[in-house]
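Chains, contacts and geometry: an overview
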Amino acid sequence: MLHIIELTEDGSHTLYIPELNEHYHSTHGAVQESLHVYLEAGLHHYDKQEVNLLEIGFGTGLNAFLTLLDTERSGKTVKYTTLERYPVSLAHAEKLNYSKLLDPSRKEIFIQLHSSAWGDWVDITPTFGLKKLQTDALRLEEFQPEALFDLIYYDAFAPEKQPGMWTEEIFNRLYALSNYGAMLTTYCAKGAVRRMLQTAGYRVERLPGPPGKREILRAVK
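So, here is what we can say about the structure in this document. Because the structure is predicted, anything quoted here is derived from the model rather than measured.

Before going further, it helps to examine the pattern of salt bridges. In total, this model carries eight salt bridges according to the counting rule given. Beyond isolated ion pairs, a larger network of salt bridges with shared partners links Arg-206, Arg-214 and Glu-215.

If you check helix H2 (residues 62-74), its first and last C-alpha atoms are 18 Å apart, about what 13 residues at 1.5 Å a residue would give, namely 18 Å. The element H2 is largely enclosed, with a buried count of 10 among its 13 residues. Listed in full, the buried residues belonging to H2 are Leu-62, Asn-63, Ala-64, Phe-65, Leu-66, Thr-67, Leu-68, Leu-69, Asp-70 and Thr-71.

Next up on the list: the environment of Pro-126. Tracing the backbone shows Pro-126 in the loop between strand S6 (121-125) and strand S7 (128-133). C-alpha separation for the pair Pro-126 and Leu-101, spaced 25 residues apart in sequence, amounts to 23 Å.

What follows concerns the sheet that holds strand S1 (residues 4-7). Strand pairing in a sheet takes place through backbone hydrogen bonds and is either antiparallel or parallel in direction. Strands sit in the order S1-S2-S3 across an open sheet of three strands; the sheet is antiparallel. Both edges of this open sheet fall to S1 and strand S3 (22-23), since each of them pairs with a single strand only. As defined by bridge partners, strand S2 (residues 13-17) adjoins S3 across two bridges and the pair is classed as antiparallel. By the bridge assignment for S3, Ile-17 is matched with Glu-22.

Both the distance between ring centres and the angle between the ring planes are used here to describe each pair of aromatic rings. On inspection of all chains with the given rule, the structure shows 12 aromatic pairs. Pairing Tyr-154 with Phe-171 gives two aromatic rings, centres 5.3 Å apart and planes at 50 degrees, and the pair type is tilted. On the criterion of sequence distance, the pair formed by Tyr-154 in strand S8 (residues 149-154) and Phe-171 in helix H6 (residues 168-176) is long-range, its members being 17 residues apart. In this structure an aromatic cluster arises from ring pairing among Tyr-38, Tyr-80, Phe-128 and Tyr-153. Just above the ring of Tyr-175 sits the side chain of Lys-221; from NZ or CZ to the centre is 4.5 Å.

Here we take up H6. Listed as buried for H6 are Ile-170, Phe-171 and Leu-174. Summarising the axial view, the buried residues of H6 lie within an arc of 95 degrees, below the 170-degree limit, and thus occupy one face. For H6, the secondary structure elements touched by its buried residues are strand S4 (50-56), S8, strand S9 (178-186) and helix H7 (191-200).

It is worth spelling out the layout of surface pockets at this point. If you add up the space inside the largest pocket, you get close to 930 Å³. Lining the largest pocket we find 44 residues, and of these Glu-22, Ala-156, Phe-157, Ala-158 and Tyr-187 sit closest to its centre. When its residues are assigned to classes, the lining of the largest pocket shows 19 nonpolar, 14 polar and 11 charged. Within this model, the second largest pocket holds a volume of roughly 170 Å³. Asn-52, Lys-79, Thr-81, Trp-121, Lys-131, Leu-133, Phe-143, Gln-144, Pro-145, Glu-146, Ala-147 and Phe-149 are the residues that line the second largest pocket. Of all elements in the fold, only strand S5 (77-83) and S7 reach the threshold of two or more residues within the lining of the second largest pocket. Tallied by class, the residues present in the lining of the second largest pocket amount to six nonpolar, three polar and three charged.

The rules behind these values
- Sequence order sets the numbering: in each chain, residues are counted from 1 along the sequence as written.
- The model is predicted, so local features are restricted to residues of pLDDT at least 70 and side-chain atom pairs to those at 80 or more, both for listing and for counting; the totals for chains, interfaces and linings are taken over all residues.
- Working from all heavy atoms in the structure, the side-chain values ignore hydrogens and water.
- We define a salt bridge as a side-chain nitrogen of Lys or Arg found within 4 Å of a carboxyl oxygen belonging to Asp or Glu.
- Only DSSP runs of H or I covering at least 4 residues are called helices, and only runs of E covering at least 2 are called strands; the numbering of each starts at the N terminus.
- The span you would expect from a helix comes to 1.5 Å times its residue count less one.
- Accessibility here uses a 1.4 Å probe with only protein chains present; expressed as a share of the type maximum, an area under 20% marks a residue as buried, one over 50% as exposed, and anything in between as partly exposed.
- For two strands to count as paired, DSSP must find a minimum of two bridges between them.
- Pairing of aromatic rings covers Phe, Tyr and Trp, the last counted by its six-membered ring, and requires centre-to-centre distances within 6.5 Å; plane angles under 30 degrees mean stacked, over 60 mean edge-to-face, and any other angle means tilted.
- Charge-over-ring contacts are defined here by two conditions on Lys NZ or Arg CZ: a distance within 6 Å of the ring centre and an angle within 35 degrees of the ring normal.
- Working note: the arc is built from the helix axis to C-beta atom directions.
- The contact criterion used throughout is that any non-hydrogen atoms of two residues lie within 4.5 Å.
- A cavity, in this analysis, means grid points on a 1 Å lattice covering only the protein atoms where a 1.4 Å probe fits yet has no way out; a pocket is instead an open set bounded by protein on both sides within 12 Å along at least five of seven lines, and a residue lines either one if it has an atom within 4 Å of a point.
- Grid points are joined across faces, edges and corners, and a volume is the space filled by probe spheres set on the points.
- Note on residue categories: nonpolar means Ala, Val, Leu, Ile, Met, Phe, Trp, Tyr, Cys or Pro, charged means Asp, Glu, Lys or Arg, and polar means any other residue, Gly included.

The following block contains the structure:
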(Lines give C-alpha, C1' and ligand atoms only; values in the text may rest on other atoms or scores of the structure.)
Protein backbone atom coordinates (compact mmCIF):
# COMPACT_ATOMS: atom_id res chain seq x y z
CA MET A 1 0.00 0.00 0.00
CA LEU A 2 1.14 3.53 -0.76
CA HIS A 3 1.90 5.67 2.30
CA ILE A 4 2.09 9.46 2.23
CA ILE A 5 3.60 11.37 5.16
CA GLU A 6 1.39 14.27 6.28
CA LEU A 7 1.68 16.86 9.05
CA THR A 8 -1.05 16.97 11.70
CA GLU A 9 -2.17 20.04 13.64
CA ASP A 10 0.12 19.45 16.63
CA GLY A 11 3.16 19.37 14.35
CA SER A 12 3.60 15.60 14.38
CA HIS A 13 3.49 13.32 11.35
CA THR A 14 0.94 10.73 10.36
CA LEU A 15 0.65 8.48 7.34
CA TYR A 16 -2.14 8.66 4.78
CA ILE A 17 -3.22 5.66 2.68
CA PRO A 18 -4.96 6.81 -0.52
CA GLU A 19 -6.20 3.27 -1.21
CA LEU A 20 -8.30 3.37 1.97
CA ASN A 21 -8.69 7.15 2.19
CA GLU A 22 -7.51 6.75 5.77
CA HIS A 23 -4.97 8.32 8.11
CA TYR A 24 -3.07 6.39 10.77
CA HIS A 25 -3.84 9.09 13.36
CA SER A 26 -6.12 12.02 13.98
CA THR A 27 -5.27 14.93 11.69
CA HIS A 28 -5.87 17.17 14.73
CA GLY A 29 -2.65 15.81 16.21
CA ALA A 30 -1.01 12.39 16.07
CA VAL A 31 1.08 12.67 19.23
CA GLN A 32 -1.65 14.27 21.33
CA GLU A 33 -4.14 11.60 20.24
CA SER A 34 -1.81 8.72 21.14
CA LEU A 35 -0.91 10.29 24.48
CA HIS A 36 -4.56 10.85 25.35
CA VAL A 37 -6.03 7.53 24.21
CA TYR A 38 -3.31 5.04 25.07
CA LEU A 39 -1.01 6.51 27.71
CA GLU A 40 -3.24 8.81 29.77
CA ALA A 41 -6.35 6.59 29.58
CA GLY A 42 -4.40 3.33 29.63
CA LEU A 43 -0.81 3.08 30.84
CA HIS A 44 -1.08 5.90 33.39
CA HIS A 45 -4.33 4.46 34.75
CA TYR A 46 -2.82 1.00 35.31
CA ASP A 47 -1.12 1.05 38.70
CA LYS A 48 1.20 -1.98 38.52
CA GLN A 49 4.90 -1.42 37.86
CA GLU A 50 5.28 -4.38 35.50
CA VAL A 51 2.95 -4.35 32.53
CA ASN A 52 2.42 -7.01 29.88
CA LEU A 53 1.02 -4.98 27.00
CA LEU A 54 -0.56 -5.96 23.68
CA GLU A 55 -0.99 -3.53 20.82
CA ILE A 56 -3.23 -4.27 17.86
CA GLY A 57 -1.73 -2.25 15.01
CA PHE A 58 1.95 -1.23 15.33
CA GLY A 59 1.62 1.27 12.47
CA THR A 60 4.13 4.09 12.70
CA GLY A 61 5.44 2.89 16.06
CA LEU A 62 4.23 6.06 17.78
CA ASN A 63 2.36 4.30 20.59
CA ALA A 64 5.36 2.08 21.27
CA PHE A 65 7.78 5.02 21.25
CA LEU A 66 5.65 7.08 23.62
CA THR A 67 5.31 4.08 25.92
CA LEU A 68 9.07 3.48 25.89
CA LEU A 69 9.80 7.10 26.77
CA ASP A 70 7.19 6.99 29.51
CA THR A 71 8.76 3.92 31.15
CA GLU A 72 12.04 5.80 31.48
CA ARG A 73 10.28 8.55 33.42
CA SER A 74 7.92 6.41 35.48
CA GLY A 75 10.14 3.45 36.28
CA LYS A 76 7.52 1.01 34.97
CA THR A 77 8.72 -2.03 33.04
CA VAL A 78 6.74 -2.90 29.92
CA LYS A 79 6.80 -6.07 27.84
CA TYR A 80 5.29 -4.82 24.58
CA THR A 81 3.81 -7.28 22.08
CA THR A 82 2.42 -5.83 18.87
CA LEU A 83 0.59 -7.35 15.92
CA GLU A 84 0.90 -5.77 12.48
CA ARG A 85 -0.01 -7.27 9.13
CA TYR A 86 1.45 -4.52 6.92
CA PRO A 87 4.62 -3.03 8.47
CA VAL A 88 5.61 0.51 7.58
CA SER A 89 8.86 0.56 5.61
CA LEU A 90 12.06 1.59 7.35
CA ALA A 91 12.46 4.33 4.74
CA HIS A 92 9.16 5.89 5.84
CA ALA A 93 9.94 5.39 9.54
CA GLU A 94 13.22 7.28 9.16
CA LYS A 95 11.32 10.32 7.86
CA LEU A 96 8.80 10.51 10.71
CA ASN A 97 9.43 13.40 13.10
CA TYR A 98 8.41 11.85 16.43
CA SER A 99 11.89 11.73 17.96
CA LYS A 100 12.60 15.28 16.76
CA LEU A 101 9.50 16.52 18.60
CA LEU A 102 9.69 14.33 21.70
CA ASP A 103 13.40 13.66 22.32
CA PRO A 104 15.97 14.21 19.56
CA SER A 105 18.51 12.09 21.44
CA ARG A 106 16.25 9.03 20.99
CA LYS A 107 16.17 8.95 17.19
CA GLU A 108 18.16 5.71 17.02
CA ILE A 109 15.85 4.10 19.59
CA PHE A 110 12.80 5.01 17.51
CA ILE A 111 14.41 3.52 14.40
CA GLN A 112 15.29 0.40 16.36
CA LEU A 113 11.60 -0.16 17.06
CA HIS A 114 11.12 -0.53 13.31
CA SER A 115 14.37 -2.28 12.42
CA SER A 116 14.32 -4.94 15.16
CA ALA A 117 13.60 -8.48 14.08
CA TRP A 118 10.05 -9.70 13.77
CA GLY A 119 9.06 -12.64 15.94
CA ASP A 120 11.76 -12.28 18.61
CA TRP A 121 11.89 -10.53 21.97
CA VAL A 122 14.26 -7.56 21.85
CA ASP A 123 15.27 -5.54 24.91
CA ILE A 124 15.19 -2.03 23.46
CA THR A 125 15.93 -0.41 26.85
CA PRO A 126 16.21 -1.78 30.41
CA THR A 127 12.53 -0.91 30.95
CA PHE A 128 11.07 -1.77 27.53
CA GLY A 129 11.06 -5.11 25.73
CA LEU A 130 9.49 -5.51 22.30
CA LYS A 131 8.10 -8.43 20.34
CA LYS A 132 6.66 -7.64 16.91
CA LEU A 133 4.55 -10.23 15.12
CA GLN A 134 3.76 -9.80 11.44
CA THR A 135 0.38 -11.43 11.49
CA ASP A 136 -3.26 -10.82 10.69
CA ALA A 137 -5.26 -9.91 13.78
CA LEU A 138 -8.30 -11.37 12.02
CA ARG A 139 -6.72 -14.74 12.92
CA LEU A 140 -6.40 -13.84 16.58
CA GLU A 141 -7.60 -17.29 17.62
CA GLU A 142 -4.21 -18.63 16.43
CA PHE A 143 -2.27 -16.21 18.64
CA GLN A 144 -0.86 -18.01 21.67
CA PRO A 145 1.06 -15.55 23.89
CA GLU A 146 3.40 -16.58 26.67
CA ALA A 147 1.31 -14.80 29.33
CA LEU A 148 -1.99 -12.97 29.75
CA PHE A 149 -2.06 -9.23 29.10
CA ASP A 150 -2.57 -6.35 31.52
CA LEU A 151 -3.19 -3.62 28.97
CA ILE A 152 -4.35 -3.58 25.35
CA TYR A 153 -3.95 -0.69 22.93
CA TYR A 154 -6.62 -1.31 20.30
CA ASP A 155 -5.52 0.81 17.34
CA ALA A 156 -6.92 -0.81 14.21
CA PHE A 157 -8.19 1.30 11.34
CA ALA A 158 -11.73 2.64 11.73
CA PRO A 159 -14.69 0.22 11.54
CA GLU A 160 -15.89 1.68 8.24
CA LYS A 161 -12.45 0.97 6.75
CA GLN A 162 -11.73 -2.41 8.39
CA PRO A 163 -15.05 -3.80 9.65
CA GLY A 164 -13.53 -7.23 10.21
CA MET A 165 -11.33 -5.80 12.96
CA TRP A 166 -14.33 -4.73 15.02
CA THR A 167 -16.25 -7.93 15.75
CA GLU A 168 -17.51 -9.79 18.81
CA GLU A 169 -15.15 -12.66 17.98
CA ILE A 170 -12.08 -10.43 18.25
CA PHE A 171 -13.16 -8.79 21.50
CA ASN A 172 -14.11 -12.17 22.99
CA ARG A 173 -10.61 -13.42 22.19
CA LEU A 174 -8.94 -10.33 23.65
CA TYR A 175 -10.99 -10.75 26.81
CA ALA A 176 -9.76 -14.34 27.10
CA LEU A 177 -6.16 -13.16 26.63
CA SER A 178 -6.44 -10.62 29.46
CA ASN A 179 -5.67 -10.80 33.16
CA TYR A 180 -8.37 -9.92 35.67
CA GLY A 181 -8.33 -6.14 36.00
CA ALA A 182 -6.78 -5.67 32.57
CA MET A 183 -7.73 -2.63 30.51
CA LEU A 184 -8.33 -2.04 26.82
CA THR A 185 -8.33 1.47 25.38
CA THR A 186 -9.40 2.57 21.92
CA TYR A 187 -10.12 5.79 20.08
CA CYS A 188 -13.36 4.36 18.66
CA ALA A 189 -16.41 5.12 20.81
CA LYS A 190 -19.15 3.89 18.46
CA GLY A 191 -22.14 2.38 20.23
CA ALA A 192 -21.74 -0.92 18.40
CA VAL A 193 -18.14 -1.24 19.59
CA ARG A 194 -19.09 -0.40 23.16
CA ARG A 195 -21.84 -3.04 23.11
CA MET A 196 -19.49 -5.70 21.69
CA LEU A 197 -16.97 -5.00 24.44
CA GLN A 198 -19.73 -5.30 27.04
CA THR A 199 -20.95 -8.56 25.50
CA ALA A 200 -17.39 -9.90 25.75
CA GLY A 201 -17.53 -9.22 29.49
CA TYR A 202 -15.80 -5.87 29.86
CA ARG A 203 -17.01 -2.98 31.99
CA VAL A 204 -16.86 -0.07 29.56
CA GLU A 205 -16.36 3.62 30.30
CA ARG A 206 -16.82 6.54 27.94
CA LEU A 207 -14.06 9.11 28.44
CA PRO A 208 -13.54 12.56 26.94
CA GLY A 209 -11.66 12.37 23.67
CA PRO A 210 -8.62 14.29 22.42
CA PRO A 211 -9.04 17.44 20.28
CA GLY A 212 -11.33 16.70 17.37
CA LYS A 213 -12.97 13.70 19.03
CA ARG A 214 -15.80 13.77 21.56
CA GLU A 215 -15.26 10.43 23.29
CA ILE A 216 -13.00 7.38 23.57
CA LEU A 217 -13.52 4.04 25.31
CA ARG A 218 -11.77 2.29 28.16
CA ALA A 219 -12.81 -1.28 28.91
CA VAL A 220 -11.87 -3.11 32.13
CA LYS A 221 -12.02 -6.86 32.72
